[in-house]
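Listed below are the residues making up each chain.
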Amino acid sequence: MSSQYLTLYKMIVLYMLKRCDVPLSKSQIYDFILEKEYTTFLTLQEVFSELVISELVKEKTVANRTYLEITPEGDEALSFFGNRINPAIKVEIDDFLRNNSMRLRNEASILSDYQKTGDNEYTACLVAKENGQNLVDIRLSVPTEEIAQSICDKWQEKNADIYQYLIEKLMS
């Protein structure tokens, strides 16, 4: 793969991170870039790796998702090389971020995960965030992995109702 193309893909990723007001996960970036057929999955993996090694982005893993955050060095690199991104691609990125802002925001702010904590015991961890602050952080001990997974799945669907229920019950 030509270093010219790798640089372009790096700039696309940095541009996406710079333009989005919530952290983006690798999978969200994969979705956009692979859907547009800009490059392949393996090339994008190489791009992510090189961005991290060169400290242009930081990785943060939360609830089995790896989020990327642009660093000051990444911001500087984008200011120098961002003009290599075709203006039509920038428009596509901006449209994607605008059209998917609610979904991207929800994926970054509604988190669920589970882990094995003992023999026949799992803990489901459920978090709802707003502006980077935890609104609610619930940990539930359950006897099976299937139950823990089900709770995590339901949290993704019903977090607003559950949060409202908790507030109403605690305020009455």
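This write-up is about the structure you can find in this document. Bear in mind that the values here come from a model prediction, so they are computed numbers and not experimental data. (Residues numbered from 1 in each chain as written. Predicted model: local features only at pLDDT ≥ 70, side-chain atom pairs only at ≥ 80, totals over all residues. Heavy atoms only, no water.)

## Description of the sheet that holds strand S5 (residues 121-130)
Taken in spatial order, the three strands of this open sheet run S4-S5-S6, and their pairing is antiparallel. The sheet terminates laterally at strand S4 (110-118) and strand S6 (133-142), the two strands that pair on one side only. Within this sheet the neighbouring strands show an average axis-to-axis angle of 15 degrees, counted without direction. Of the pairings in the sheet, the one linking S4 to S5 comprises eight bridges and is antiparallel in character. Its bridge partner lying in S5, Gln 115 is registered against Thr 123. (Pairing = 2+ DSSP bridges. Helix = DSSP H or I, 4+ residues; strand = E, 2+ residues; numbered from the N terminus. Axes fitted to C-alpha atoms, helices over the stretch in contact; angles between N-to-C directions.)

## Section: helix H5 (residues 87-99)
Look at H5: 18 Å from first C-alpha to last across 13 residues, which is about the 18 Å you get at 1.5 Å a residue. Within the sequence span of H5, burial applies to Ile 89, Ile 93, Asp 94, Phe 96 and Leu 97. Buried residues in H5, looked at end-on, bunch into an arc of 160 degrees, giving them a common side. In H5, the exposed positions that point more than 90 degrees away from the buried face belong to Pro 87, Arg 98 and Asn 99. (Expected span 1.5 Å × (residues − 1). Buried < 20%, exposed > 50% of the residue type's maximum accessible area, 1.4 Å probe, protein only. Arc of directions from axis to C-beta.)

## As for the packing of aromatic side chains
This structure, assessed with the given rule, holds six aromatic pairs. Here Phe 32 and Phe 96 contribute two aromatic rings whose centre-to-centre distance is 4.9 Å and whose plane-to-plane angle is 45 degrees, an arrangement assigned as tilted. In this pair, Phe 32 is assigned in helix H2 (residues 26-35) and Phe 96 in helix H5, connecting sequence segments 64 residues apart. Looking at Phe 32, the relative accessible area reads 1%, which means it is buried. In this structure Phe 96 comes out as buried when scored by relative accessible area, which is 12%. Ring centres of Phe 80 and Phe 81 lie 6.5 Å apart, and the angle between their planes is 65 degrees; on these two criteria the pair is classed as edge-to-face. By relative accessible area, Phe 80 is classed as exposed at 54%. Residue class for Phe 81 comes out partly exposed when judged on its relative accessible area of 33%. Pairwise contacts between aromatic rings join Tyr 30, Phe 41 and Phe 48 into one cluster. (Phe/Tyr/Trp six-rings, centres within 6.5 Å; stacked < 30°, edge-to-face > 60°.)

## Structural notes on the nonpolar core
Counting 34 residues, the largest nonpolar core has Ile 12, Val 13, Leu 14, Met 16, Ile 29 and Ile 33 as its most contacted members. For this core, the secondary-structure elements that each account for two or more residues are helix H1 (3-19), H2, helix H3 (41-53), strand S3 (65-70), helix H4 (72-81) and H5. In terms of residue count, H1 provides more of this core than any other element does, ten residues in total. The residues touching Ile 12, leaving out its near neighbours within four places in the chain, are Ile 33, Tyr 38, Ile 85, Ile 89 and Ile 93. Among the nonpolar cores identified, the runner-up in size contains eight residues, and Ile 110, Ala 124, Val 136 and Cys 152 belong to it. (Core = buried A, V, L, I, M, F, W, Y, C linked by side-chain atoms within 4.5 Å. Contact = heavy atoms within 4.5 Å.)

## A few points about the environment of Ser 141
Structurally, Ser 141 is set in strand S6. Its relative accessible area of 52% is what places Ser 141 among the exposed residues. As for Ser 141 and Thr 71, which are separated by 70 residues in sequence, their C-alpha atoms are 37 Å apart. A polar side-chain atom of Ser 141 sits 2.7 Å from a polar atom in the side chain of Glu 121. (Polar contact = N/O pair within 3.5 Å; in protein donor to acceptor, adjacent residues only side chain to side chain.)

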